[in-house]
Protein chains: 4
Amino acid sequence: MDELLRRGLARFKGLVAGRSRPRSLAEKDLPALQRQLQECVDGLGGEVSARQRAARLAATYLSLDDSGRRTMLRLIATAFGPDAEKVASTHAAWQQALGTNAAWDAEARLRDALGSRRTRILTHFSSMPDGVKFLVDLRADLIRYARSDPALAALDRELEAQLVSWFDVGFLELVRITWQSPAALLEKLIRYEAVHAIGSWEDLKNRLDSDRRCYAFFHPRMPLEPLIFVEVALVDEIAANVQALLDPDAPVFDAEHANTAIFYSINNTQTGLRGVSFGNFLLKRVVEDLKRDYPRLKTFSTLSPIPGLTAWAGEHSDLVEESIGESDWRRLKAAGVPATDGKGLLAWLSSDREWAARPATARALRDPLQRVAARYLVEGRRGDRPADPVARFHLGNGARIERLNWLGDTADKGLAQSWGMMVNYLYDPDRIEANVEAFMAAKPPDASASLRRMARH
Amino acid sequence: MDELLRRGLARFKGLVAGRSRPRSLAEKDLPALQRQLQECVDGLGGEVSARQRAARLAATYLSLDDSGRRTMLRLIATAFGPDAEKVASTHAAWQQALGTNAAWDAEARLRDALGSRRTRILTHFSSMPDGVKFLVDLRADLIRYARSDPALAALDRELEAQLVSWFDVGFLELVRITWQSPAALLEKLIRYEAVHAIGSWEDLKNRLDSDRRCYAFFHPRMPLEPLIFVEVALVDEIAANVQALLDPDAPVFDAEHANTAIFYSINNTQTGLRGVSFGNFLLKRVVEDLKRDYPRLKTFSTLSPIPGLTAWAGEHSDLVEESIGESDWRRLKAAGVPATDGKGLLAWLSSDREWAARPATARALRDPLQRVAARYLVEGRRGDRPADPVARFHLGNGARIERLNWLGDTADKGLAQSWGMMVNYLYDPDRIEANVEAFMAAKPPDASASLRRMARH
Amino acid sequence: MDELLRRGLARFKGLVAGRSRPRSLAEKDLPALQRQLQECVDGLGGEVSARQRAARLAATYLSLDDSGRRTMLRLIATAFGPDAEKVASTHAAWQQALGTNAAWDAEARLRDALGSRRTRILTHFSSMPDGVKFLVDLRADLIRYARSDPALAALDRELEAQLVSWFDVGFLELVRITWQSPAALLEKLIRYEAVHAIGSWEDLKNRLDSDRRCYAFFHPRMPLEPLIFVEVALVDEIAANVQALLDPDAPVFDAEHANTAIFYSINNTQTGLRGVSFGNFLLKRVVEDLKRDYPRLKTFSTLSPIPGLTAWAGEHSDLVEESIGESDWRRLKAAGVPATDGKGLLAWLSSDREWAARPATARALRDPLQRVAARYLVEGRRGDRPADPVARFHLGNGARIERLNWLGDTADKGLAQSWGMMVNYLYDPDRIEANVEAFMAAKPPDASASLRRMARH
Amino acid sequence: MDELLRRGLARFKGLVAGRSRPRSLAEKDLPALQRQLQECVDGLGGEVSARQRAARLAATYLSLDDSGRRTMLRLIATAFGPDAEKVASTHAAWQQALGTNAAWDAEARLRDALGSRRTRILTHFSSMPDGVKFLVDLRADLIRYARSDPALAALDRELEAQLVSWFDVGFLELVRITWQSPAALLEKLIRYEAVHAIGSWEDLKNRLDSDRRCYAFFHPRMPLEPLIFVEVALVDEIAANVQALLDPDAPVFDAEHANTAIFYSINNTQTGLRGVSFGNFLLKRVVEDLKRDYPRLKTFSTLSPIPGLTAWAGEHSDLVEESIGESDWRRLKAAGVPATDGKGLLAWLSSDREWAARPATARALRDPLQRVAARYLVEGRRGDRPADPVARFHLGNGARIERLNWLGDTADKGLAQSWGMMVNYLYDPDRIEANVEAFMAAKPPDASASLRRMARH
């Protein structure tokens, strides 16, 4: 048995290292697979054996191609659900017992009946070496497969609930990442940074210099694997431009004199942890850590992208039209912008990739586009939440919208998604709680006077 | 708010350190407390605030006396259960949808409706510093209170399920404990060792000598707090006598030449983790670790107490009677034992505390009492499990009953619970799985030929 | 060869563990031993072999009894000194070359000629596991043997020079010791504490409580072996009484409110490091560390014994006589002290062990004896240094004599050496440098006005 | 004072970080500098102050340009030497005392008189943060300056002696370097690798893969700064070609099946530690570590360059001539090599950079050039040591010359220094000691039969 496991794990490692080819799952193998899953649920031979069976099943899963994995997950979803009759009878017993002392036991029995053997199979994987990472990656598969399959969507919700329990913020460790951190970890920052790509090890070293800070949350069972990380610059005023922050040739600022911390990049790294929230805890803990080390810090602000702006504007060209007055159109014309209405302007902006480099044109566009952006941030809604995903995150954490930064990100991506604008969200300890409550109650977000003025224009 | 939390935590720490007096909970405070609990469930002000509220509730809990704590837990149990009507309607919807695609969503909705707000309150405590230990200790309270209160018993089952998830063996770390370990940890071994009490730091040092090993499981969020630990002696034959193993003046054995590892003490330390099983994983991992360090080791055996023997014999004096033949009675009489039947013998044994020190008496008692012990171990049952709790643990892990050791523990406790006998359970890798299956199927336990012979006598 | 070394080291470890009997060194073994030493010097077979030979020689040394060790060290001292003729010729060449460019090379050649093969033998021991500790312990032997043997005294000076180089303060690590430190280390604090004996592990834990600090210097090659350690109490006024500080039942003080750090015990642990000074660096570094953690700390003071007082008074009974006026004698008589002159008083004090417990007697003795103590501390000299060894240490580090504490240490040792008095030396950052210079220039020590007044009386 | 030091250190750090411009040392500053040095020697104000003065002097040194540093070191060399008269008188006293007990003291006094105040100044630098690294770097300067200056050469010898004592192999830690090591350390491997340049982080990761090992020696006071490191490949036969070993696309070998460890690159990293030998200890320790982890390893071999071959051949063209017979010349001619004598061949080889890529030419050159190389390795001498520096290192450590590898390194450097050949030195535990002794006695090196045959040809 132990020899079998050893071989299984060796194969598993080979697969993790990507050295074997994925294989398909034949129809005729399904009964055997179901039997194995059943044995794993039954716990025949005790807990230890059940875990070893799970490890072998995990190795099987990893050896499969996408279609095989989907089939295997469907098998788990469909063949190991609750027993409807037992649920019905325990439910009836509970309803009847309500109000008596017998209700307590009855409730527990109903919960047991509904308790899922699917989860039992999934959690057994955790005791393998790297088992937790295996489950997180399996969930990333599951999310993909579940889009078009309600059975897998249900399995996904069960796995999510399990991961929410395991990745409870109480179990996470806040770690400061520096140039002294293991290369195997830093390599992952390079891979995971999605907001402002890290171009090289030299670039990374620059982001870990003495006027920078980088923090991540780790789970004790996924060492060297950051779950979420934030990059911070210590400066002496709120930053308006991300290219300046990322410039490797900029002089190093003496962090002892900093009064402002700019969170200029926040990245969730594990697709498989979607729905497990810890970003807000991260920012809170980072602020505490920074305050202790740099008592002079007074302002905590982000320098954030506005990823949904141009798409939203495309859907609301009437509002764009509203934001532009007669005199604006005249100035735009003088600056060589050929458009004469909102739609036309949007079309022209997405076709001319060079406008930001022409000072006169950029100057003429500035006020009208900032008004559109302000309106989007302050008023744009998807359901009863802010339309912009980054705004949703920060406003939900209690920040306020502080300042728009014209041409704050002139990289291609920045121009395409938000006409080069960035925004500062400000974390003011005295307002956070009230802001979160306003957010929960779907009230208008906290915003600076100037932003509100622009939005109202 | 942060200031409040700070004061709350300071008080909490003061309480942990045992520097404040517990106080009672007045009837008039209950509505406010319920409101606080409700706010914690509602998550008003966001996740971070909800956690802070939980921390304050935890401080309140710790400040209370037993009666106050019981009242507060009852409040959680009774006021935050599932909504019976919502459960009924989601249940009906699910039953109706069975067999259609809509069933998947309906199942999830039913599960949500049954999902407990009680657990939500409890898990929020985990994000405090020392929050996990707080919950484990709270459960120790709960177990005590729940004996006579079905509502609290139900709450206990929910908390147990949560702890089972958090203390999944995949999250535990196996740590070898040595004389280089922190004093703050070693101090706890002294406190927690319940099988063979550790008399002093000198005694402890002796148990961590070069021919000894000590291992424990730790949870990443409860540092310096062993969950279970096992003490091992490396020797060259199966040990028969625990006093010899514990003798601080015995010469140190050269562990390089050991062929046998004796697990002579295993201790669960946290009452609040009752029902969370990891003992079997511990032994498995320890065996692997020992094998790697000492390739010559061939035999892995316990030297275990038989805690339930004399109590069981008291309940089955007829079986005792059966185990003693004519010639035995003659020999006992000659050796000065005044009893003439089973009951009388049992009574005399518990009244004469010195018999083990009289060689002739002890010799005469040896065979009859060993027969009783063998029968108890091999045949004694409580329900469909072995009657002896230690036998239950080891047989459930796949061990076999190998050998009885006459006068293996002549300390008072040993004489009182098992007439000074100890037993070796043997872990033979080739038999473990089969033994576990036999155990699960409630078949007779694996036992050596000589033990079976004695039991059959 | 490696097998030999392995056996040698095994034996060496056995000896370290004290499991073998020391043996004597026979006359007939000396030539072989000298040959081995010579081979070690010659480095035949390369550096690695030379080190292995040294390890075998170390094992030999450890196996010997005192007389054998002394003989072996004498052999090293006498047979491996410099070549007098070569020294003479290189010396002549250097003197002749002085003033020319050739002098540089000549100086180096003279230094080489004088360079000691003895040191070469000794330093080779360092590459063994535990080799540095071996040398420190060897030096402790050497110090003992050298008292009556100038050859060994010379060898001792060479070894001291080597240890001074290795134990340069730049190589030492300041470590804070807590109850989380390894038991193997804490055990040594108990063993090494010589100022105020640590009675038990409980007592030790009390000295590491949250209102205490303990720091030690460690050498990277002697892990778990503190070289010097200081115990600190955080309090809110200068402590006057050591029994109060050591009282395990005293309430724990909230260190956050402390304004004063009392260094109440400083211990050098390694006899073999005599002459290697690092105590002053320790105090400086500890003060810095405390200031960073507790910015409210303003006063850094010792609570020190006065070990040489009564012995000095015995040698200067005339000065004692001077310190006692007419009225003093009257008051003493009234309080039941039978003496009528200085000598008599001293004799009576050392014969009556109970006087400190009689309030009236103690009150009458207070002023006269404090005057004697003040005079001893301020004026008592041994050569051009303070007579009291503890005063010598602290005044040499720049402290000032701040306050006498009547009955500050009423343990037997305290009464015997200083009539129960203790003294506070104060470290005032603004005065330290000036005080050290005054000390180096053999000027009178810095002392508080009241102490100077008492001394002048 | 402390404020001064703080400013001094801040400046020092700025200089280390390369943020300030070096400045020159004016003639008029010399008296003040000499006074500072004198104060540092005198230790006025105690040891602590002396160290602080040293830190300020170090900051001064670092702020200077090359000419200023040279002047400052000259000042230390010339103004703080021994007092010639005192040396003369103590020398005379010692010579006179020889044979009496007074000689011991006299010898110590002579040694004291000769003892250098220069060393005292230098060692004081060590107590700064990074002080040891400062001294190592200072010595790198000194080595450069000393080439043309006997005074600085003498100072260098004193500093070397001090560094030999501090960097005694007993103080070094062997550390295995992996991809989990801090990036700040790995960055230095990239910088320091001089044998086979590391082209990128990807290349480095490849060299730390599971079939590779990398070890370094560290000094406790120079963390993250490897002193010497060796790169090892685990393979199943002696490697002949370094390009194959370095190929990032080669499949990863399963190290569990390796029987051979190839040391393919050894680098000393600190110029300032010239003369401090630890390379031999490194190899010995690495072999031990590898043997423990991979018991199947039987062969330990290098794959080494032959850096001095072509230069040596240029100086000994007659020997080249001897190595080439009639038939060789014919074959060379047929393969298109135009040369007709040794000199001509050497000239042609260094002018035609492409010959190695022409199979027929390379084949014709193979035997003659291997004969030259074999002769160089086996017989080439510089004084009584092997002429080749790499041969000197490995033969001095007890290796034997095992095998020549034709076209083992076809990079430009390899072709230029050794016509593309590499050599395996073999470490055979059974021969090491004998080989080292042969080396010390300047006997011919151990070499395989085939190599000796080639050399004798």
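See above for the structure.
Fair warning: this is a prediction, and the values are worked out from it, not measured in the lab. (Residues numbered from 1 in each chain as written. Chains lettered and ligands numbered in written order. Predicted model: local features only at pLDDT ≥ 70, side-chain atom pairs only at ≥ 80, totals over all residues. Heavy atoms only, no water.)

*Asks:* Can you help me understand the relation of the copies chain A and chain B in this one?
*Replies:* One copy of the chain maps onto the second through a rotation about an axis and a displacement along it. Once turned by 180 degrees and shifted 0.0 Å along the axis, chain A lies on chain B with an RMSD of 0.1 Å. Taken together, the rotation and translation relating the two chain copies correspond to the operation of a two-fold axis. (Least-squares fit on C-alpha atoms with pLDDT ≥ 70 in both.)

*Asks:* In this structure, what is going on with the pattern of salt bridges? I would like to understand it.
*Replies:* Taken as a whole and assessed by the stated rule, the structure comprises 145 salt bridges over all chains. Arginine 371 of chain B is the salt-bridge partner of aspartate 328 of chain B, the closest N and O atoms lying 3.0 Å from each other. On the criterion of sequence distance, the pair formed by aspartate 328 of chain B in helix α16 (residues 326–334) and arginine 371 of chain B in helix α18 (residues 359–379) is long-range, its members being 43 residues apart. By relative accessible area, which is 11% here, arginine 371 of chain B ends up buried. Between arginine 213 of chain D and aspartate 293 of chain D there is a salt bridge, with its nearest N and O atoms 3.0 Å apart. You can see arginine 213 of chain D sitting in strand β2 (residues 212–218) and its partner aspartate 293 of chain D sitting in helix α13 (residues 279–293), a full 80 residues away along the chain. For arginine 213 of chain D, a relative accessible area of 6% corresponds to the buried category. Taking relative accessible area as the criterion, aspartate 293 of chain D reaches 33% and is therefore assigned partly exposed. Connected through shared salt-bridge partners, Arg400, Glu402, Asp428, Arg431 and Asp446 of chain A make up one network. (Salt bridge = Lys/Arg side-chain N within 4 Å of Asp/Glu carboxyl O. Helix = DSSP H or I, 4+ residues; strand = E, 2+ residues; numbered from the N terminus. Buried < 20%, exposed > 50% of the residue type's maximum accessible area, 1.4 Å probe, protein only.)

*Asks:* Would you explain the packing of aromatic side chains in this entry?
*Replies:* According to the stated counting rule, one finds 34 aromatic pairs over all chains in the structure shown. Judged by centre distance (5.8 Å) and plane angle (90 degrees), the ring pair of tyrosine 61 of chain B and phenylalanine 134 of chain B falls under edge-to-face. Here phenylalanine 134 of chain B lies in helix α8 (residues 131–146) and tyrosine 61 of chain B lies in helix α3 (residues 46–63), a separation of 73 residues in the sequence. Taking the relative accessible area as the measure of exposure, tyrosine 61 of chain B reaches 2% and is therefore buried. Ring centres 5.0 Å apart and planes at 45 degrees place the aromatic pair tryptophan 312 of chain D and tyrosine 376 of chain D in the tilted group. A residue pair is termed long-range when its members are at least 10 positions apart, and tryptophan 312 of chain D in helix α14 (residues 309–315) and tyrosine 376 of chain D in helix α18 (residues 359–379) qualify at 64 residues. Residue classification places tryptophan 312 of chain D among the buried residues on the basis of a relative accessible area of 7%. Taken together, the ring pairs connect Trp179 and Trp201 of chain A together with Trp179 and Trp201 of chain D into an aromatic cluster. (Phe/Tyr/Trp six-rings, centres within 6.5 Å; stacked < 30°, edge-to-face > 60°.)

*Asks:* Any chance you could explain the packing of helix α8 (residues 131–146) of chain A against helix α9 (residues 150–166) of chain A here in plain terms?
*Replies:* To characterise two packed helices, one gives the angle between the axes of the helices and the distance between these axes. Residues and elements named next belong to chain A. It is at 9 Å that the axes of α8 and α9 come closest, and there the two elements cross at 150 degrees. The orientation of α8 with respect to α9, classified from their angle, is roughly antiparallel. Like other packed secondary-structure pairs, α8 and α9 cross with a definite hand, here left-handed. Of α9, the residues touching α8 (which contributes Leu135, Val136, Leu138, Arg139, Leu142, Ile143, Tyr145 and Ala146) are Leu152, Ala153, Leu155, Asp156, Leu159, Glu160, Leu163 and Trp166. Here the residues of the contact of α8 with α9 sort into 13 nonpolar, no polar and 3 charged. (Axes fitted to C-alpha atoms, helices over the stretch in contact; angles between N-to-C directions. Parallel < 35°, antiparallel > 145°, perpendicular 65-115°, else oblique. Left-handed = near helix turned anticlockwise from the far one by under 90°. Contact = heavy atoms within 4.5 Å. Nonpolar A, V, L, I, M, F, W, Y, C, P; charged D, E, K, R; others polar.)

*Asks:* I'm lost on the interface of chain D and chain C in this one. Help?
*Replies:* In many reports, interface size means the accessible area that the parts give up when they come together. Residue-level contacts link 58 residues of chain D with 58 residues of chain C. Of the roughly 4800 Å² buried where chain D meets chain C, counting both sides, 64% is carbon and sulfur surface. Three residues, Trp104, Leu114 and Phe171 of chain D, lead the burial of chain D against chain C; their summed loss comes to 14% of the area buried on that side. Scanning the region where chain D abuts chain C turns up 6 salt bridges. Linking arginine 111 of chain D and glutamate 158 of chain C is a salt bridge whose minimum nitrogen-to-oxygen distance equals 3.4 Å. (Buried area = accessible area lost by both parts, 1.4 Å probe.)

*Asks:* Quick question: what am I supposed to make of the sheet that holds strand β8 (residues 400–405) of chain A here?
*Replies:* Two strands in a sheet stick together by hydrogen bonds in their backbones, pointing the same way (parallel) or opposite ways (antiparallel). Residue and element names in this part refer to chain A. What the 7 strands build is an open sheet, ordered β1-β2-β3-β4-β5-β9-β8; its pairing is mixed. Pairing within the sheet leaves two strands with one partner each, and these edge strands are β1 (173–176) and β8. Here the average twist between neighbouring strands, direction ignored, is 30 degrees. With 5 bridges connecting them, β8 and strand β9 (residues 422–427) associate as antiparallel partners. Each residue of the ladder has a partner; that of isoleucine 401, found in β9, is tyrosine 425. Across the sheet, helix α18 (residues 359–379) is in contact with β8 and β9; its angle to β8 comes to roughly 160 degrees. Of the strands in this sheet, β4 (260–268), β5 (299–302), β8 and β9 touch helix α19 (residues 389–396), which is tilted by about 10 degrees from β9. (Pairing = 2+ DSSP bridges.)

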